[in-house]
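Secondary and tertiary structure notes
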Amino acid sequence: ALTTGPAFADEMAEGKWGEYQVGDKRSGYTYAGPETRAMQDDEFQNPAMLWLDTGMSEWENAAGDAGKACADCHGDAEESMAGVATKYPVYSEETGKMMNLEQRINFCRTENMQAEPYKWESDELLGMTAYVKNQSKGMPVDVSIDGPAKEFWEKGKEFYETRRGQLDLACTHCHVDNAGNLIRAETLSQGQGNGFPLYRLKWQKVGSLHRRFRGCNNNIRAEKLPYGSDEYTNLELYVTWRGNGLPIETPAVRK
Amino acid sequence: GLALTAPAQAADLVDYKVVDDWTIPESLTGQPGDPVNGKVVAIDRKLGNCLSCHKMPIPEEQFHGETGPSLWGVGNRYEPEHLRLRIVDSKVINPETMMPAFYRVEGLHMVKDGFEDQPILTAQQVEDVVAYLMTLTEEEPQTN
Ligand code: HEC
Ligand code: HEC
Ligand code: HEC
């Protein structure tokens, strides 16, 4: 049911964020305005649902020289993909580095389907990622930084804490030191990743976590790194780990 | 006091002297600042963008940030030489600060193409902002 109106507002004011807060970790949802939250909560209003539909139909679509669809190997996504996204990014033996969900999907495209990888930020890749992640909706994020993942986590942490750009700011200045404070018209959140890919009103479409990283880098006049770069994938590991315990919210809606 | 010359700058930034890690006594340009232009520079999102972090006595602009202290009455609390260093490079005073150095180009990391070796403000814009801040003598009205 759609929970809006004064009662909801009171609950919010008292800081009871329900499942959207775990200890001192808070989803971006808890910093968003009531209209944005309502749009996310209502399946019929949430514009990201269009991308989920794309993902759902791609799931059944045979492609590539192997002539297979995702469904041929993984069956019903609601069963086979439940809980999968809570672990991503994961260390991949095959590549010797971290692999996020987009990269895992494209790995199946190229290795298991002999198909072209989906392009970053295409409706297909965003839709498929959102569709797979949505099968874990409500489940707690649970990435591991043990074993081989540790060194990549350290790199991501260093990126997170390093000042960059002409404005000379690190992620920490905005998302650790100032969560809850206004920066001009925007309320800074903790910069959590649990809602991605998400629909952003400013973008008028769904976008990936790496797109958000590029935006934050650009705003401080820092170099934007390529989608899927090792740096951003390691950063994604760190950012996702910070949110361990928060429920997966894909597809979220943000301003 | 201890006088230090700023480290060599890559771009053609003017030399200035920092005294006691606390002030820059002399105007960067030798010219007085223009407070009217200083206000424009402080508001402009591509220049000072001070409102992103500070509340200021500029009611005609919506949405004042709150990651830094309010600048109401700042002209009572400081002299121009203090404000000049804070705008040129407030990290001399507090290396941990969130506030960008507006007139420094060295020591930055991964700066976006087209912005390398360029300070955020010109020397005269720094002077203009200092002159504008000195006009901010009204204290913030108390709201209850
Ligand atoms: C100058 C301030 C600033 C810096 C520095 C900054 N961000 Fe952001 N970031 C924002 C603002 C503003 C938003 C939009 C409001 C919000 O969710 O915080 C945002 C949003 C985000 C979000 C989306 C959160 C959500 O729930 O939708 C993520 C993730 C994020 N930032 C990560 C980062 C990372 C990683 C870095 C460093 C590489 C970084 N940010 C640096 C200001 C900043
Ligand atoms: C020819 C078989 C095949 C096809 C087609 C295929 N996959 Fe896979 N997929 C695998 C195998 C094998 C694995 C690795 C074993 C495992 O973890 O299930 C895997 C793993 C995955 C994983 C990671 C599971 C985990 O627990 O970490 C995801 C996500 C995934 N595939 C998504 C897709 C998507 C989306 C498509 C279609 C675009 C697809 N796969 C097509 C065989 C296939
Ligand atoms: C990204 C955030 C940010 C921006 C942009 C910013 N500041 Fe600041 N400013 C701060 C913070 C935080 C402090 C608190 C002092 C510290 O951190 O050492 C501060 C302190 C100050 C102070 C000292 C105030 C006091 O009462 O002690 C002045 C003056 C000042 N800023 C002026 C400016 C001006 C003028 C601009 C624009 C040209 C500006 N700031 C832009 C974050 C910012």
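What comes next is a walk through the structure.

Parameters at a glance
Residue positions are given per chain, counting from 1 as you read along its sequence in written order. Key to labels: chains lettered from A, ligands numbered from 1, both in the order written. Given that the model is predicted, a residue must reach a pLDDT of at least 70 before its local features are reported, and side-chain atom pairs must reach 80 or more before they are shown or counted; all residues, however, enter totals for whole chains, interfaces and linings. Excluding hydrogens and water, the side-chain figures rest on all heavy atoms present in the structure. In this description a helix means any DSSP run of H or I spanning at least four residues, a strand means any run of E spanning at least two, and both kinds are numbered starting from the N terminus. The reference for a compact globule is 2.2 Å times residues^0.38; the radius of gyration itself is calculated from the C-alpha atoms. Note on classification: 1.4 Å probe, protein chains only; a residue is buried when its accessible area is under 20% of the maximum for its type, exposed when over 50%, partly exposed between these limits. We call a residue near a molecule or strand as soon as one heavy atom of that residue lies within 4 Å of the molecule or strand. Two N or O atoms count as a polar contact when they lie within 3.5 Å, although within protein this holds only if one can serve as hydrogen donor and the other as acceptor, and sequence-adjacent residues are included solely when both atoms are side-chain atoms. Under the scheme applied, nonpolar residues are Ala, Val, Leu, Ile, Met, Phe, Trp, Tyr, Cys and Pro; charged residues are Asp, Glu, Lys and Arg; polar residues are all the others, including Gly. Each axis is a line fitted through C-alpha atoms, and for a helix only the stretch in contact is used; angles between axes span 0 to 180 degrees, taken between their N-to-C directions. Oblique is the label for every angle not falling under 35 degrees (roughly parallel), over 145 degrees (roughly antiparallel), or within 65 to 115 degrees (roughly perpendicular). Contacts are residue-level and defined by heavy atoms, with any inter-residue pair within 4.5 Å sufficient. Any two strands with at least two DSSP-identified bridges between them are counted as paired.

**Some thoughts on the overall build of chain B**
- Along its length, chain B carries 4 helices and 2 strands.
- Along chain B, helices (α) and strands (β) appear in the sequence β-β-α-α-α-α when read from the amino end.
- Against the compact-globule benchmark of 15 Å for 144 residues, chain B has a radius of gyration of 15 Å, which places it among compact chains.
- Projected onto its principal axes, the C-alpha coordinates of chain B cover approximately 50 × 40 × 30 Å.
- The burial tally for chain B puts 43% of its 144 residues in the buried class.

**Observations regarding the site of ligand 1**
Residue and element names in this part refer to chain A.
- Of all residues adjacent to ligand 1, which total 26 residues, the nearest are C171, C174, H175, S189 and C216.
- Residue S189 places a main-chain N or O atom 2.7 Å away from an oxygen atom belonging to ligand 1.
- R254 has a polar side-chain atom sitting 3.0 Å from an oxygen atom of ligand 1.
- Of all the secondary structure elements, the ones that give two or more residues to the shell around ligand 1 are α8 (149-161), α9 (171-175), β6 (186-187), α10 (209-219) and α11 (230-242).
- The dominant element in the shell around ligand 1, judged by the number of residues it contributes, is α10, at 5 residues.
- Considered class by class, the residues forming the shell around ligand 1 number 16 nonpolar, 7 polar and 3 charged.

**Thoughts on the packing of helix α3 (residues 49-60) of chain A against helix α7 (residues 123-134) of chain A**
Residues and elements named next belong to chain A.
- Between α3 and α7, whose axes approach to 7 Å, the crossing angle comes to 90 degrees. Considered as vectors, α3 and α7 are oriented roughly perpendicular to each other. Touching W51, L52, T54, G55, M56, E58 and W59 of α3 are D123, E124, L126, G127, M128, A130, Y131, V132 and N134, all from α7.
- Of the residues that constitute the contact of α3 with α7, the class distribution is 9 nonpolar, 4 polar and 3 charged.

**Details of the sheet that holds strand β8 (residues 205-207) of chain A**
Residues and elements named next belong to chain A.
- If you walk across this open sheet you meet the 3 strands as β8-β7-β9, and the pairing is mixed. The outermost strands of the open sheet, each flanked by one partner alone, are β8 and β9 (253-254).
- Alignment of strand β7 (residues 198-200) against β8, held across 3 bridges, turns out to be antiparallel. Bridging from a neighbouring strand, L198 pairs with G207 of β8.

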